[in-house]
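The primary structure of each chain is shown beneath.
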Amino acid sequence: MADIRTDGNPEVVAAPPSEGYPKQWFCVAVAPDGSIFKGDSESPAQFADIVRESVIAWIDYWTDNYDRDCPIAASRAGFTDTLVSSLTVESRTTYQDFDTEMGMRLPSVQVRQFQVEPYPLLILMRRSFILTIHPLNVDRRFHRMRRYADTFIRKIRLDIPGEDRLTLLLLRLIDETNERNFEHLRQVETLGEALNKDMTDPNTPRQELGPKIYDMKHALITYLDALWETNDVLHALRYGDAELITDDPKLLYRLTLLAEDVNRQIGLAEHLSEVLASGLEVLQSIYNNQLQIMNNRMALIMTYLTVLGTAVLVPNTLATIFGSSAFNLQSNDIGWYVSMLAGSTVLATILAYWWVKRSGKLPKEVE
């Protein structure tokens, strides 16, 4: 690990580049003379003296086993078990302020097809530094932040109070994770557009639409829950009067702007949900109409069969009567016998159809 330069120039002292994926621990810090340190390591012990002497610092830690490693990492960075457990064990607690230290849990949304998964991002704060702990996410948003950490931390002025510096760094971290969360809404909208296309296609099997519609609604609900969680944390920061957070109205207004951005995204997600709901209503109307048409056609067929059955019953009855030995028909009677059967069939068919139509029992076709 390279040493921090103290020649008065705000130069970056970077650790040797890591091979492969970035190491678990990362630190960027600004010394009182304005020099900047940026480096990564497999242990936070190498950052202890740097953070202790810095005026503002950010430590980032990623893990592939969040539940197991989060309490250990926070403890190694000097945070109490009470603070960490309140944010990790209690699922409904997203903000805690213990005066000398505070913490919050924000969702880090990931989208894979219809699967929306909000991973936890734990932000812990003490005097002059912020610790972030998160799982190794797919989009690796903090991998990009690590790369440009020295750029945005250099913009924090050193002649302002420590609470202002800490708040500015916190605003930058929250804004980054929010922007990445908002980008995933575009993926959800794309999935919704594809689903609407399938819904308008009459050839799409119904057994496929049902699970897709459920997955889409579940994805929207999960996404909205994540946004509301973020909004709750921002509201607590804005009006919680924490000792570590600034009292500068201009900086607090930036928190308000972040909350307004989240509210706009909530509105977009709710609008998408309404569009999906209206699509479901249209789809249900189409299916009901198709079912009504099919029922009417079946009723029409049954009516015609009934008419034919009634029409055939008359000549069949006559044939039974005249075929008995009482009439003793001969071969020269075949002409008028056949004519009678044919005429009675036609006449019975016409009369049966006329009666059914007049009585209003003949179903109408539905367009």
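Here's a quick rundown of the structure. (Residues numbered from 1 in each chain as written. Predicted model: local features only at pLDDT ≥ 70, side-chain atom pairs only at ≥ 80, totals over all residues. Heavy atoms only, no water.)

1. Description of unusual backbone geometry
Turning to step 1, where the next piece is worked out: For D99, which is not glycine, the phi dihedral falls at a positive 65 degrees.
Turning to step 2, where the next piece is worked out: Secondary-structure assignment places D99 in the loop between β5 (95-97) and β6 (101-112). (Helix = DSSP H or I, 4+ residues; strand = E, 2+ residues; numbered from the N terminus.)

2. Points about the pairing of strand β2 (residues 25-30)
Turning to step 1, where the next piece is worked out: The element β2 is extensively covered by neighbouring structure, given that 6 of its 6 residues are classed as buried.
Turning to step 2, where the next piece is worked out: A two-sided burial pattern is seen for β2, the buried positions comprising W25, C27 and A29 on one face and F26, V28 and V30 on the other.
Turning to step 3, where the next piece is worked out: In terms of strand pairing, β2 meets strand β3 (residues 36-41) through 6 bridges, oriented antiparallel. By the bridge assignment for β3, W25 is matched with S41.
Turning to step 4, where the next piece is worked out: Linking β2 to β3, which pair antiparallel, is a turn of 5 residues; within it G34 sits at a positive phi near 95 degrees.
Turning to step 5, where the next piece is worked out: Pairing analysis gives 6 bridges linking β2 to strand β4 (residues 56-63), with the strands arranged antiparallel. If you follow A29 over to β4, its bridge partner there is A57. (Buried < 20%, exposed > 50% of the residue type's maximum accessible area, 1.4 Å probe, protein only. Pairing = 2+ DSSP bridges.)

3. A word on the pattern of salt bridges
Here the idea is simple: oppositely charged side chains can pair when their charged atoms come close.
Turning to step 1, where the next piece is worked out: Tallying each qualifying case throughout the model produces 9 salt bridges.
Turning to step 2, where the next piece is worked out: Salt-bridge contacts for D261 lead to R264; the nearest nitrogen and oxygen are separated by 2.0 Å. Here R264 and D261 lie together in helix α8 (residues 249-322), a separation of 3 residues that amounts to about one turn.
Turning to step 3, where the next piece is worked out: A relative accessible area of 22% means that D261 is categorised as partly exposed.
Turning to step 4, where the next piece is worked out: What emerges from the salt-bridge pattern is a single network uniting R144, R172 and E176. (Salt bridge = Lys/Arg side-chain N within 4 Å of Asp/Glu carboxyl O.)

4. Focus on the side chain of S35
Turning to step 1, where the next piece is worked out: Summarising the element assignment, S35 is placed in the loop between β2 and β3.
Turning to step 2, where the next piece is worked out: Here D33 takes part through its side chain, which lies 2.8 Å from a polar atom of the side chain of S35. (Polar contact = N/O pair within 3.5 Å; in protein donor to acceptor, adjacent residues only side chain to side chain.)

5. Quick word on the nonpolar core
Turning to step 1, where the next piece is worked out: By size, the foremost hydrophobic cluster in this structure holds 64 residues, and its most contacted members are W58, M125 and L237.
Turning to step 2, where the next piece is worked out: Ignoring sequence-local partners within four residues, the contact set of L237 consists of Y95, M102, M104, L170, I174, I245 and L255.
Turning to step 3, where the next piece is worked out: Of all hydrophobic cores here, the second largest spans 24 residues; its members include I50, L83, V84 and L131. (Core = buried A, V, L, I, M, F, W, Y, C linked by side-chain atoms within 4.5 Å. Contact = heavy atoms within 4.5 Å.)

6. Re the packing of aromatic side chains
Turning to step 1, where the next piece is worked out: For the structure on display, the rule yields 6 aromatic pairs.
Turning to step 2, where the next piece is worked out: Both rings, one in F79 and one in F129, keep their centres 5.7 Å apart while their planes meet at 55 degrees; by these two values the pair is tilted. With F79 in the loop between α2 (66-76) and α3 (81-88) and F129 in strand β8 (residues 129-135), the pair connects residues that are 50 residues apart, well separated along the chain.
Turning to step 3, where the next piece is worked out: Among the residues examined, F129 registers a relative accessible area of 9% and is labelled buried.
Turning to step 4, where the next piece is worked out: Site record: aromatic cluster; members linked through ring pairs are F26, W58, F142 and F152.
Turning to step 5, where the next piece is worked out: In this arrangement the basic side chain of R172 is found over the ring face of F152, its NZ or CZ atom lying 5.1 Å from the centre.
Turning to step 6, where the next piece is worked out: Over the face of the ring belonging to Y239 we find R238, whose NZ or CZ atom lies 4.9 Å from the ring centre. (Phe/Tyr/Trp six-rings, centres within 6.5 Å; stacked < 30°, edge-to-face > 60°. Lys NZ or Arg CZ within 6 Å of the ring centre and 35° of its normal.)

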